[in-house]
Amino acid sequence: MKNSPEQWLKSLEQELQDNILGFWMKHTLDEQHGGFVGEIDNQLNIVEGAGKSLVLNARILWTFAAAYRTYRKAEYLAIAERAHGYLLEHFLDKEYGGLYWMVDAAGVPSQLKKQVYGQAFAIYALAEYHHATGHAEALEQAVELFRLLEKHGYDQLYKGYIEALARDWQLTDDLSLSAKDMNEKKSMNTHLHVLEGYTGLYRVWKSEELRVKLAELIETMLEHIVDDEGKHFLLFMDEEWNVKSDIISYGHDIEGSWLLVEAAEVLGDEELLQRVQKVAISMAEATLNEGIDTDGGIWNEADSKGLISKDKDWWPQAEAMVGFYNAYQLTEDARFQEAAAASWNFIDSYIVDHKLGEWYWGVDHKLQPVAHEPKVSAWKCPYHNSRACFEMIARLKSSIKETI
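Residues numbered from 1 in each chain as written. Predicted model: local features only at pLDDT ≥ 70, side-chain atom pairs only at ≥ 80, totals over all residues. Heavy atoms only, no water.

- Per an unreviewed UniProt entry, the recorded name for the protein is Cellobiose 2-epimerase, and the organism is Paenibacillus tianjinensis.

Okay, structure coming up:
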């Protein structure tokens, strides 16, 4: 390892508080329309008229709720309260329940569908806000969303969750998350983040109905979304789980490896946890063997013929650091510890914008920042990078304590 655990911990604390959280508090508040601006380019210019996504706003709420729970600083609570208030005022569908997918720059709903991925992130954020503050209404809202998803989004016949529904929760043909995603009934990405949301909710709401659904979801992912060799996620499926894509997403593989372990740990099912741990190690091993460049960065995607792109986006780097360290904690295999440290060194060297703040969208094959991509957008949020810091800070503190 290039740095000691103590040095690593100190650099992560500084990155999280000064660069990531500080950036979002300083640059993203929308003083004209409330909430947060929808897009900021790589040179910190606000993109006028940009819409505001549910994903961005829910992830801001999660991030600053987690920051307040960790550090108890009033300025973090103020941002969390702002995000919570904006979600309730502008995204909440007061007629049919659930939250809209997009609102315009002024906060008027513009994409009304109920994307299950978005509802899951709202559950995740609201549960964390309750966890941090004890806010009773936030917990009630998260539980209501959980029950809406189970009523309308759950596949009673084949299990799992369909991608999206219309505003009134009826079936829709408009399923895909984004322009780059397939328009299929089920996806790994949605299931991974429903898992994440339900795990966060179960941490603060130990109900039997949620316990049963979280356990089933873990089983469903092991059966239908992890491939037969236990190495990679399958990305897109029809409602009967027939596979529709051969693309490998290394970022999702390594992210999912530790999120599955976290879910099983929070659930408290020892037998299921042991099964999940084996899969997590197998997936981390495959990512280490196939998805990592010699510089320590993780590539975005591959298919059966090899790498699709040699770009390295910000979020897979963040997830690699946590996923490899999680595998190290499970195995005590130094290769995983070294891979996690290499991930951080790559992030600090190439992904962190040390001049203007926050992280670049990514770097190209020449390790140059992808300048045309934004700093803030519907998808560029403070969640992957802040969460990686929260996770690693907690894990490193635990590791350091054990060695004392």
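That was the structure; now back to the text.
Describing the side chain of Thr220
Line of reasoning, step 1. In this fold, Thr220 is placed in helix 7 (residues 208-225).
Line of reasoning, step 2. Not counting residues within four places of it along the chain, the set of residues in contact with Thr220 comprises Lys159, Gly160, Ile225 and Trp241. (Helix = DSSP H or I, 4+ residues; strand = E, 2+ residues; numbered from the N terminus. Contact = heavy atoms within 4.5 Å.)

Observations concerning the environment of Leu367
Line of reasoning, step 1. Among the structural elements, Leu367 can be located in the loop between strand 12 (362-363) and helix 12 (383-403).
Line of reasoning, step 2. Residue classification places Leu367 among the partly exposed residues on the basis of a relative accessible area of 21%.
Line of reasoning, step 3. Measuring from C-alpha to C-alpha, the distance between Leu367 and His232 comes to 26 Å, with 135 residues separating the pair along the chain.
Line of reasoning, step 4. The residues touching Leu367, leaving out its near neighbours within four places in the chain, are Asp295, Lys312, Phe346 and Tyr350. (Buried < 20%, exposed > 50% of the residue type's maximum accessible area, 1.4 Å probe, protein only.)

Focus: the sheet that holds strand 3 (residues 109-111)
Either a parallel or an antiparallel arrangement is found when strands of a sheet pair, and the pairing is made through backbone hydrogen bonds.
Line of reasoning, step 1. The 3 strands lie next to each other as 1-2-3, forming an open sheet whose pairing is antiparallel. The open sheet is flanked by strand 1 (52-53) and strand 3, the only strands paired with a single partner.
Line of reasoning, step 2. Across 2 bridges, the pairing between strand 2 (residues 102-103) and strand 3 is antiparallel. Looking at strand 3, one finds that Val103 is bridged to Pro109. (Pairing = 2+ DSSP bridges.)

Structural notes on the pattern of salt bridges
Line of reasoning, step 1. One pass over the structure, following the stated rule, counts 25 salt bridges.
Line of reasoning, step 2. Put simply, Lys397 and Glu13 hold a salt bridge, and the shortest N to O gap is 3.5 Å. Separated by 384 residues along the polypeptide, Lys397 in helix 12 and Glu13 in helix 1 (residues 5-27) bring together distant segments of the chain.
Line of reasoning, step 3. Judged by its relative accessible area of 43%, Lys397 is partly exposed.
Line of reasoning, step 4. Put simply, Asp93 and Lys114 hold a salt bridge, and the shortest N to O gap is 3.0 Å. In this pair, Asp93 is assigned in the loop between helix 3 (74-91) and strand 2 and Lys114 in strand 4 (residues 114-115), connecting sequence segments 21 residues apart. Of the two residues, Asp93 and Lys114, neither departs from the other in class, the shared state being buried.
Line of reasoning, step 5. In this structure, a network of salt bridges that share partners links the residues Asp93, Glu95, Lys114 and Arg167. (Salt bridge = Lys/Arg side-chain N within 4 Å of Asp/Glu carboxyl O.)

Comments concerning the packing of aromatic side chains
Line of reasoning, step 1. The full count for this structure, using the stated rule, is 22 aromatic pairs.
Line of reasoning, step 2. With a centroid separation of 5.1 Å and an interplanar angle of 80°, the aromatic rings of Phe146 and Tyr198 are classed as edge-to-face. Taken together, the residues Phe146 in helix 5 (residues 136-153) and Tyr198 in helix 6 (residues 188-204) connect sequence positions 52 residues apart. For the residue pair Phe146 and Tyr198, the accessibility class agrees, reading buried in each case.
Line of reasoning, step 3. Pairing Phe146 with Trp205 gives two aromatic rings, centres 5.9 Å apart and planes at 70°, and the pair type is edge-to-face. In this pair, Phe146 is assigned in helix 5 and Trp205 in the loop between helix 6 and helix 7, connecting sequence segments 59 residues apart.
Line of reasoning, step 4. Assessed through its relative accessible area of 1%, Phe146 is described here as buried.
Line of reasoning, step 5. The exposure class of Trp205 is buried, given its relative accessible area of 17%. (Phe/Tyr/Trp six-rings, centres within 6.5 Å; stacked < 30°, edge-to-face > 60°.)

Quick look at the packing of helix 3 against helix 4 (residues 116-133)
Each pair of packed helices gets described by two things: the angle between the helix axes and the distance between those axes.
Line of reasoning, step 1. Close contact between helix 3 and helix 4 brings their axes to 12 Å; oriented N to C, the two are set at 140°. Considering their axes alone, helix 3 and helix 4 lie oblique with respect to each other. Crossing hand, helix 3 versus helix 4: left-handed. For the pair helix 3 and helix 4, the contacting residues are Leu77, Ala80, Glu81 and His84 in the first and Leu126, Tyr129 and Thr133 in the second.
Line of reasoning, step 2. The residue makeup of the contact of helix 3 with helix 4, split by class, is 4 nonpolar, 2 polar and 1 charged. (Axes fitted to C-alpha atoms, helices over the stretch in contact; angles between N-to-C directions. Parallel < 35°, antiparallel > 145°, perpendicular 65-115°, else oblique. Left-handed = near helix turned anticlockwise from the far one by under 90°. Nonpolar A, V, L, I, M, F, W, Y, C, P; charged D, E, K, R; others polar.)

Some words on unusual backbone geometry
Line of reasoning, step 1. Although it is not a glycine, Trp241 adopts a positive phi angle of roughly 75°.
Line of reasoning, step 2. In this fold, Trp241 is placed in the loop between strand 7 (236-237) and strand 8 (248-249).
Line of reasoning, step 3. Positive phi outside glycine occurs at Glu358, with the angle close to 60°.
Line of reasoning, step 4. With respect to the helices, strands and loops of the structure, Glu358 is situated in the loop between helix 11 (334-351) and strand 12.

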